[in-house]
Amino acid sequence: MPSSPCIKICVIDGATDLCLGCGRTLPEIATWGRKTEDERLAIMATLPERMERAGLPKPVPPAS
């Protein structure tokens, strides 16, 4: 299973163009399945700082 930051909260913030659930952009989401595991992990490493810089709240995964 490829790594993914998705927490099933797929809403794009209009001001930042980032997903409020994971912090990825639409182009990143659209091409995620074609990225290598190293590319995915590199993007995932940037997501917390990206969300913080954009002033977006830290995502909270839905309860299971």
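This structure is a prediction, so every number in the text was calculated from the model and none was measured. (Residues numbered from 1 in each chain as written. Predicted model: local features only at pLDDT ≥ 70, side-chain atom pairs only at ≥ 80, totals over all residues. Heavy atoms only, no water.)

Trainee: I tried to follow the pattern of salt bridges on my own but got confused; where do I start?
Mentor: Pairs can form between side chains of opposite charge once their charged atoms are near each other. In the structure shown here, the tally under the stated rule is three salt bridges. Here glutamate 28 and arginine 50 are joined by a salt bridge, their closest N and O atoms 2.7 Å apart. In this pair, glutamate 28 is assigned in helix H1 (residues 26–31) and arginine 50 in helix H2 (residues 37–53), connecting sequence segments 22 residues apart. Under the relative-accessibility criterion, glutamate 28 is labelled buried at 14%. Residue arginine 50 is classed as buried on the basis of its relative accessible area of 15%. (Salt bridge = Lys/Arg side-chain N within 4 Å of Asp/Glu carboxyl O. Helix = DSSP H or I, 4+ residues; strand = E, 2+ residues; numbered from the N terminus. Buried < 20%, exposed > 50% of the residue type's maximum accessible area, 1.4 Å probe, protein only.)

Trainee: So what exactly am I meant to see when it comes to the environment of glycine 21 here?
Mentor: For glycine 21, the location among the structural elements is in the segment before H1. With 35 residues separating them along the chain, glycine 21 and leucine 56 place their C-alpha atoms 9.8 Å apart. The residues contacting glycine 21, other than those within four sequence positions of it, are Ile7, Ile9 and Pro59. (Contact = heavy atoms within 4.5 Å.)

Trainee: Where do I start with the side chain of lysine 35 in this structure?
Mentor: With respect to the helices and strands, the residue lysine 35 is situated in the loop between H1 and H2. Lacking a salt bridge, the buried lysine 35 has glutamate 39 as its closest oppositely charged neighbour, with an N-O distance of 5.5 Å. Setting aside anything within four residues of it in sequence, one finds lysine 35 in contact with Glu28, Arg40 and Ile43. (Lys, Arg positive; Asp, Glu negative; His and termini not counted.)

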